[in-house]
Amino acid sequence: MMWSRTNGIRDDKGEIGSLIILSEKDVKRAVAMKEAIQVMKDAFIQYARGDYVMPARNFYQVEDEDYFLLMSSFVKDVIGLKVATSFPSNRNRNVPVTQAMILLMHRKTGKPLAMMSGTMLTAIKTGAVSGVAIQQFKQDAKSVGLIGTGQQGLYQLLAALESANIKNIYLYNRSEHKIKSFIEQFRRLSNSDVHIEQMGSVEALLDKSEIVITATTSFTPVIPDVPELYQNQDKLFVAVGSFDAAMRELPESLFRSATYYFIDSEDGKKECGDIIDPIRNKWMEEDDVILLSDILTGKRQVHLKSNEPIVFKTVSMALFDTCIGYFVYHKAKEFNLGQKVDLSFMN
């Protein structure tokens, strides 16, 4: 059973053993960022072909800004279910804002295949999606700026290093004291001596960066709504954090300065404020909001001007989680990772 780079996911012939439980450490050992980017590129092509089933994801408000999410998809011979939480309130508890578990089951028999840490896999996957966009639009970039230095930011930078010739990283976070530990974590994760600099303002970060990544859970734009910052600029903006209709990271003037707006999911037009608001308020024409999958498969052709920003927004989807989860499952079997558990009803 070999991974296919043409259809993005292997066919399983029904050879089902015990349930495999994969920890965060197992997931990290099973997939490198370079592999994850390729898996996501294949998943984008799968999405463009429509060869999957993906029910609408369900959001439930737990309390204030804290949410619980259920996401599922059926791809080839696997069913994937992701159970996730987004708890901004965890910032004060030294607990990750985003946490998740992913369950894989065989599509023909319904038998469980694996349960794995979705927190780590979500961070890797989301970084890899951004990596696909960076490779497509700004592979020659030498600098990247990151706004929001949580766990997701670590893997965004890792993907940027893998996808472009990055020499300089610029960081901004409202809580400045968190940046030192973030840099230490990133050095350990990346094993890179790339130049990293903390910036005193978002404006200073924008001035230095060819790629700007926002990885926050903000409900209001985290970069200034100042048209002059985006005019006659060919920066790539990658927005990662917002996933709800009330959430926004990007300002009106950025959208008005761009000709096209690239997104990863059609569902984002109904779910995410960073996509809903620009279309509803006519900051972008809906026809100019384009799926990245359509660019990758050649369904849409665009001419990007050299003096205007490129904007990409990822809200992700269950299809991506299932594809990366299934890849990790097979790598875990190959390298004998995780713990195997026999469930009584499987005997």
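This text goes with the structure placed above it.
Residues numbered from 1 in each chain as written. Predicted model: local features only at pLDDT ≥ 70, side-chain atom pairs only at ≥ 80, totals over all residues. Heavy atoms only, no water.

**Student:** Please give an account of the overall build of the protein chain that cites residues and values.
**Tutor:** Helix and strand content of the protein chain: eleven helices and 15 strands. For a compact globule of 347 residues, the expected C-alpha radius of gyration is about 20 Å, and the protein chain comes in at 20 Å, within 12% of that figure. Here the C-alpha coordinates of the protein chain stretch approximately 65 × 45 × 40 Å along the principal axes. Residues classed as buried in the protein chain amount to 55% of the 347 residues present. Across the protein chain, the fraction of contacts at a sequence separation of at least 24, relative to all contacts at a separation of at least 6, is 74%. For the protein chain, the computed accessible surface area is about 15,100 Å², with 46% contributed by carbon and sulfur atoms. Side chains of the protein chain carry 41 positive and 43 negative charges; the gap between the two charge centres is 5 Å. (Helix = DSSP H or I, 4+ residues; strand = E, 2+ residues; numbered from the N terminus. Rg over C-alpha atoms; globule rule 2.2 N^0.38 Å. Buried < 20%, exposed > 50% of the residue type's maximum accessible area, 1.4 Å probe, protein only. Contact = heavy atoms within 4.5 Å. Areas by Shrake-Rupley, 256 points an atom, 1.4 Å probe, with all protein chains shown as cover. Lys, Arg positive; Asp, Glu negative; His and termini not counted. Charge placed at Lys NZ, Arg CZ, Asp CG, Glu CD.)

**Student:** Requested: an account of unusual backbone geometry, with residues and values cited.
**Tutor:** For Lys 76, which is not glycine, the phi torsion reads 50 degrees and is therefore positive. Structurally, Lys 76 can be placed in the loop between β3 (66-75) and β4 (78-86). One non-glycine residue, Asn 191, adopts positive backbone phi at about 50 degrees. On the secondary structure map, Asn 191 appears in the loop between α5 (179-190) and β9 (195-198).

**Student:** Describe the nonpolar core, and please don't skip the residues or the numbers.
**Tutor:** By size, the foremost hydrophobic cluster in this structure holds 103 residues, and its most contacted members are Met 116 and Ile 223. In terms of nonpolar packing, the next biggest core, distinct from the first, is built from six residues, Leu 69, Ala 84, Ala 100 and Phe 243 among them. (Core = buried A, V, L, I, M, F, W, Y, C linked by side-chain atoms within 4.5 Å.)

**Student:** Give me the sheet that holds strand β10 (residues 211-214): which residues, what numbers.
**Tutor:** Within a beta sheet, neighbouring strands are joined by backbone hydrogen bonds and run either parallel or antiparallel to one another. A sheet is described by the order of its strands in space; here eight strands give the open sequence β9-β8-β7-β10-β11-β14-β12-β13, paired in parallel fashion. Single-partner strands in this sheet number two, and they are β9 and β13 (289-291). Strand-to-strand twist in this sheet, taken as the mean axis angle between neighbours without regard to direction, amounts to 20 degrees. Of the pairings in the sheet, the one linking strand β12 (residues 261-263) to strand β14 (residues 310-313) comprises three bridges and is parallel in character. Looking at the pairing, Phe 262 lines up with Phe 312 of β14. (Pairing = 2+ DSSP bridges. Axes fitted to C-alpha atoms, helices over the stretch in contact; angles between N-to-C directions.)

**Student:** Residue-level account of α5, with values.
**Tutor:** Compared with the 16 Å implied by 1.5 Å per residue over twelve residues, the 16 Å span of α5 between its first and last C-alpha is a close match. For α5, the set of buried residues is Ile 179, Phe 182, Phe 186 and Ser 190. Each buried residue of α5 sits inside an arc of 55 degrees when the element is viewed along its axis, so together they form one side. In α5, the exposed positions that point more than 90 degrees away from the buried face belong to Lys 180 and Arg 188. Close packing links the buried residues of α5 with β7 (143-147), α4 (151-163), β8 (168-172) and β9. Asn 191 lies just past α5 and shows a positive phi near 50 degrees. (Expected span 1.5 Å × (residues − 1). Arc of directions from axis to C-beta.)

**Student:** I'd like a description of the environment of Gly 80, backed by residues and values.
**Tutor:** With respect to the helices and strands, the residue Gly 80 is situated in strand β4. Through-space distance from the C-alpha of Gly 80 to that of Arg 107 is 9.2 Å; in sequence the pair is 27 residues apart. Among residues more than four places away in sequence, those in contact with Gly 80 are Met 71, Ser 72, Ser 73, Leu 103, Leu 104 and Thr 322.

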